[in-house]
Amino acid sequence: LILLRIASLISLRESAESGGISEIDEITGLYNRQAFFSRADKIIKENPNWSFILTISELDGIKLLNEKNGKTAGDDLLKSVGDFLRNAPEQCLLAGRFAGDQFVTLFRKDEKFSPEFLEASIQNSNQIIAQDCGVENLRVRFAVYEDIDHDISVMELCDRTLLALQKIRGK
């Protein structure tokens, strides 16, 4: 966790030194990690009576796609995921690129949100990937953090969710 935070700070510093920090990821068109943290913290603080769910998803097998078809194919897939997340249903309040092949989303947990909704989103993600790149063993893996404590920073919530994601790798 410390190494992830240090890497994030170094990346932020390098971006600042190179002439300004963009909130938008160049490839996906989604918020970058820092912008997501900032905006998600604000949404959570401004809505103390809402319940939230945070997810981190990861494209399992994108490295193989890059090796097989080149980096452009991998970038095209990342763009497709970005398009999918930007057009997600209204329950998805915010989406961002967490790192490399990882994405983070913040959902409002209400009567419209259900395990079935999340399962349908996962299935849709897997179908998009299969259509876009034609690699059958490429999958989306999700870790979900439910019932968010409004007093914990989104950065900390993401660290916890990432630990859960790391536990299911290869499964």
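Numbers given to residues run from 1 along each chain, matching the order in which its sequence is written. Where local features are concerned, this predicted model is filtered to residues with pLDDT of at least 70; where side-chain atom pairs are given and counted, the filter is 80 or more; whole-chain, interface and lining totals use all residues. Values reported for side chains reflect all heavy atoms of the structure, with hydrogen atoms and water molecules removed beforehand.

Draft legend 1. Layout of the nonpolar core. Joining through side-chain atoms within 4.5 Å is the link that ties buried Ala, Val, Leu, Ile, Met, Phe, Trp, Tyr and Cys residues into a set, and such a set is a nonpolar core. Each residue's exposure class comes from its accessible area (1.4 Å probe, protein chains only) as a fraction of the maximum for that residue type: buried when under 20%, exposed when over 50%, partly exposed otherwise. Ranked by internal contacts, the top residues of the largest apolar core, which has 21 residues, are Phe36, Leu54, Leu106, Ile148, Val154 and Cys158. Note on conventions: DSSP H or I runs of at least 4 residues are helices, E runs of at least 2 residues are strands, and numbering of each starts at the N terminus. Secondary structure elements with two or more residues in this core: α2 (33-46), β1 (51-60), β2 (92-99), β3 (102-109), β4 (139-145) and α6 (154-167). The contact definition used throughout considers only heavy atoms, calling two residues in contact when any of these lie within 4.5 Å. Every residue in contact with Val154, bar those within four places of it in the chain, is listed here: Phe36, Phe37, Ala40, Asp41, Ile44 and Leu54. Leu59, Leu85, Phe117 and Val140 belong to the second largest nonpolar core, which has 20 residues in total.

Draft legend 2. Region of the structure containing unusual backbone geometry. Positive phi is not limited to glycine here, since Asp147 has a value of about 50°. Note on placement: Asp147 falls in the loop between β4 and α6. Judged by its relative accessible area of 53%, Asp147 is exposed.

Draft legend 3. Summary view of the packing of helix α3 (residues 62-69) against helix α4 (residues 71-86). Here the axes come from fitting lines to C-alpha atoms, over the contacting stretch only for helices, and the angles between their N-to-C directions go from 0 to 180 degrees. In contact at an axis separation of 6 Å, α3 and α4 are set at 135° when each is read in the N-to-C sense. Compared by their axis directions, α3 and α4 come out oblique. Residues Ile62, Leu65, Asn66 and Asn69 of α3 pack against Lys71, Ala73, Gly74, Leu77 and Leu78 of α4. Every angle not falling under 35 degrees, over 145, or within 65 to 115 is termed oblique; those three ranges are roughly parallel, roughly antiparallel and roughly perpendicular.

Draft legend 4. Geometry of the packing of aromatic side chains. Only Phe, Tyr and Trp rings are paired, with Trp represented by its six-membered ring, and only when their centres lie within 6.5 Å; those with planes under 30 degrees apart are stacked, over 60 edge-to-face, the remainder tilted. According to the stated counting rule, one finds two aromatic pairs in the structure shown. A centroid spacing of 6.3 Å and a plane angle of 65° characterise the contact between Phe37 and Phe98, whose relative ring orientation is edge-to-face. Separated by 61 residues along the polypeptide, Phe37 in helix α2 and Phe98 in strand β2 bring together distant segments of the chain. Comparing Phe37 with Phe98 shows no difference in burial state: the two are buried. Lysine NZ or arginine CZ positioned within 6 Å of the ring centre and within 35 degrees of the ring normal marks a charge as sitting over the ring. In this structure, Arg33 packs its charged tip against the face of Phe98, placed 4.2 Å from the ring centre. The ring of Trp50 carries Arg108 above its face, with NZ or CZ at 3.9 Å from the centroid.

Draft legend 5. Structural view of the layout of surface pockets. The rule is simple: put a 1 Å grid over the protein atoms alone, call a set of points where a 1.4 Å probe fits but cannot get out a cavity, call an open set with protein on both sides within 12 Å along at least five of seven lines a pocket, and count a residue as lining if it has an atom within 4 Å of a point. Grid points are joined across faces, edges and corners, and a volume is the space filled by probe spheres set on the points. Estimates place the volume of the second largest pocket at around 220 Å³. Contributing elements (two or more residues each) for the lining of the second largest pocket: α3 and α4. Here the lining of the second largest pocket is composed, by residue class, of four nonpolar, four polar and five charged. Note that Gly is not counted as nonpolar here; it falls among the polar residues with everything else outside the nonpolar set of Ala, Val, Leu, Ile, Met, Phe, Trp, Tyr, Cys and Pro and the charged set of Asp, Glu, Lys and Arg.

Draft legend 6. Just α4, in detail. Here a helix's expected span is defined as the number of its residues, less one, multiplied by 1.5 Å. The end-to-end C-alpha separation of α4 is 22 Å, in line with the 22 Å expected for 16 residues at 1.5 Å each. When we look at burial in α4, the residues that qualify are Gly74, Asp75, Leu77, Leu78, Ser80, Val81, Gly82 and Leu85.

Draft legend 7. Main features of the sheet that holds β3. A pair of strands counts as paired when DSSP detects no fewer than two bridges linking them. Overall, antiparallel pairing links the four strands, which are arranged β2-β3-β1-β4 in an open sheet. The open sheet is flanked by β2 and β4, the only strands paired with a single partner. In this sheet, neighbouring strand axes are inclined to one another by 25° on average, regardless of whether the strands run parallel or antiparallel. Pairing geometry for β2 and β3, over six bridges, is antiparallel. Among the inter-strand pairings, Arg97 is bridged to a residue of β3, identified as Phe103. Contacting β1, β2, β3 and β4, α6 runs over the sheet at an angle of about 50° to β1.

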